[in-house]
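Chain residues, written in single-letter form:
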Amino acid sequence: MKSFRHRRPARLGLPVLAVSLIAVAGCSSADDGGSAAVPSPGAAATKLCRNLDEVLPRTVDGLGRRDPQPASSLTAGWGDAVIILRCGVPQPPKMVDPGVAEGRDADAVAGAVDGVDWLMEKRDGGAYRFTTANRSVYVEVSVTAERAAEDTSPILVGLAPAIKKAVPEGVAS
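Residues numbered from 1 in each chain as written. Predicted model: local features only at pLDDT ≥ 70, side-chain atom pairs only at ≥ 80, totals over all residues. Heavy atoms only, no water.

1. Here's the deal with the overall build of the chain
Condition: Secondary structure follows DSSP: runs of H or I at least 4 residues long count as helices, runs of E at least 2 residues long count as strands, and numbering of each begins at the N terminus. Contacts are residue-level and defined by heavy atoms, with any inter-residue pair within 4.5 Å sufficient. Only the protein chains shown count as cover for residues, and all accessible areas are computed by the Shrake-Rupley method using a 1.4 Å probe.
Helices and strands together make up the secondary structure of the chain, namely six helices and nine strands. Long-range pairs, those at least 24 residues apart, make up 68% of the contacts in the chain between residues at least 6 apart in sequence. As displayed, the chain offers around 7900 Å² of accessible surface, 51% of which is attributable to carbon and sulfur atoms.

2. Points about unusual backbone geometry
Only a minority of non-glycine residues have a phi that is not negative, and only a minority of peptide bonds are not trans. Here the amide bond leading from Gln 69 into Pro 70 is cis, since omega sits at -5°, within 30 degrees of zero. Among the structural elements, Pro 70 can be located in the loop between strand E3 (63-64) and strand E4 (75-78). A positive phi angle, near 50°, is found at Asp 61, a position not held by glycine. A positive phi angle, near 50°, is found at Asp 114, a position not held by glycine. Tracing the chain through its elements places Asp 114 in the loop between strand E6 (108-113) and strand E7 (116-122).

3. Brief notes about the pairing of E6
Test applied: Criterion used throughout: strands pair if DSSP finds at least two bridges between them.
For E6 and E7, the ladder comprises six bridges, and the chain directions are antiparallel. Along E7, the bridge assignment pairs Ala 110 with Leu 119. Where E6 hands over to E7, the hairpin turn is made up of two residues, of which Asp 114 adopts a positive phi near 50°.

4. Quick look at the nonpolar core
A general tendency of soluble globular proteins is for nonpolar side chains to be buried together. The condition is simple: As used here, the term nonpolar core means buried Ala, Val, Leu, Ile, Met, Phe, Trp, Tyr and Cys residues forming a set that is joined through side-chain atoms within 4.5 Å. Accessibility here uses a 1.4 Å probe with only protein chains present; expressed as a share of the type maximum, an area under 20% marks a residue as buried, one over 50% as exposed, and anything in between as partly exposed.
Leu 52, Trp 78, Leu 85, Val 141 and Leu 159 are the most contacted members of the largest nonpolar core, which has 33 residues in total. When residues of this core are traced back to their parent elements, those giving at least two are helix H3 (43-55), E4, strand E5 (83-88), E7, strand E8 (128-133), strand E9 (139-143) and helix H6 (153-166). With seven residues, the top contributor of residues to this core is H6. Membership of the second largest hydrophobic core comes to eight residues, among which are Met 95, Ala 108, Ala 133 and Ala 172.

5. What to know about the environment of Ala 133
If you trace the backbone, Ala 133 turns up in strand E8. With 22 residues separating them along the chain, Ala 133 and Gly 111 place their C-alpha atoms 9.3 Å apart.

6. Notes on the packing of aromatic side chains
To keep it simple, the criterion reads: Only Phe, Tyr and Trp rings take part, Trp by its six-membered ring, and two of them pair if their centres are within 6.5 Å. Stacked means planes under 30 degrees apart, edge-to-face means over 60, and tilted covers everything else.
Taken as a whole and assessed by the stated rule, the structure comprises two aromatic pairs. Geometrically, the ring pair formed by Trp 118 and Phe 130 is edge-to-face, given 6.3 Å between the ring centres and 85° between the ring planes. One end of the pair, Trp 118, is in strand E7; the other, Phe 130, is in strand E8, and 12 residues separate them in sequence. Overall, the relative accessible area of 0% leaves Phe 130 in the buried class. Taken together, a centroid distance of 6.3 Å and an interplanar angle of 25° make the contact between Tyr 128 and Phe 130 stacked. Taken together, the aromatic side chains of Trp 118, Tyr 128 and Phe 130 make up a single cluster linked through ring pairs.

7. Describing the pairing of E8
Across the six residues that make up E8, a large majority, six, are buried. Where burial is concerned, the two faces of E8 agree: the one with Tyr 128, Phe 130 and Thr 132 and the one with Arg 129, Thr 131 and Ala 133 are both buried. Of the pairings in the sheet, the one linking E7 to E8 comprises six bridges and is antiparallel in character. Residue pairing in the sheet places Lys 122 in a bridge with Tyr 128 of E8. The antiparallel pairing of E7 with E8 creates a hairpin that spans five residues between the two strands, and Gly 125 there sits at a positive phi of about 85°. Relative to E9, E8 runs antiparallel, the two sharing four bridges. Of the residues in E9, the one forming a bridge with Arg 129 is Ser 142. Hairpin connection from E8 to E9: five residues lie between these consecutive antiparallel strands, with Asn 134 at a positive phi of about 60°.

This is how it looks when you write it as C-alpha cells:
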C-alpha cells in the first residue's frame, strides 16, 4: 500500500460524477479460484469487458490465473481468490464523495498507477478494493487482507496494460 499512497491523488472531478455503473472483467477457467458475483452491465460495457477478458495477463504479481465461480467473461481471479477482478460493476459511492476528492477520508484515496486512475478503498478486515476511474467501464479489483498487507502496486501495474488496451478513457455510461 505504501507506494500507492505515495502517489499524488488524482482529482476525480465532474467527469467521474457522470460515470455510470460498470462491472469488472475476467475469464472462465476449469480451476476454481473462489467465487465472485457476476456483474450485469449493458451491452456496450459487456463488450468492453469481454475485450478486457481476452487480454488479461496469465499471472499477476506472481499469482497464476484461477477464475472464480460461476465462470464468466466478466470476472477473473489470480491465486486462490487472492485477487478478484470484476468488470462492469456499478460506480462506487465513494467515487463521488467530496471527502475523498479533498483527501478527508482515511479509508479511500484516489490515485494513478501506470496510466490508470484508481479509487482505493480499505474494506473491513484489511482487504482493499480498487476501482478504475475515468474509463468507459468500471473495473473493480479486490485484494485479500493478507495480500494487501504487502505492496499492492505490482498488482495494479500488472493489470494496467490490459485495462489501457481494452477499456478506453472516458465516462462510464
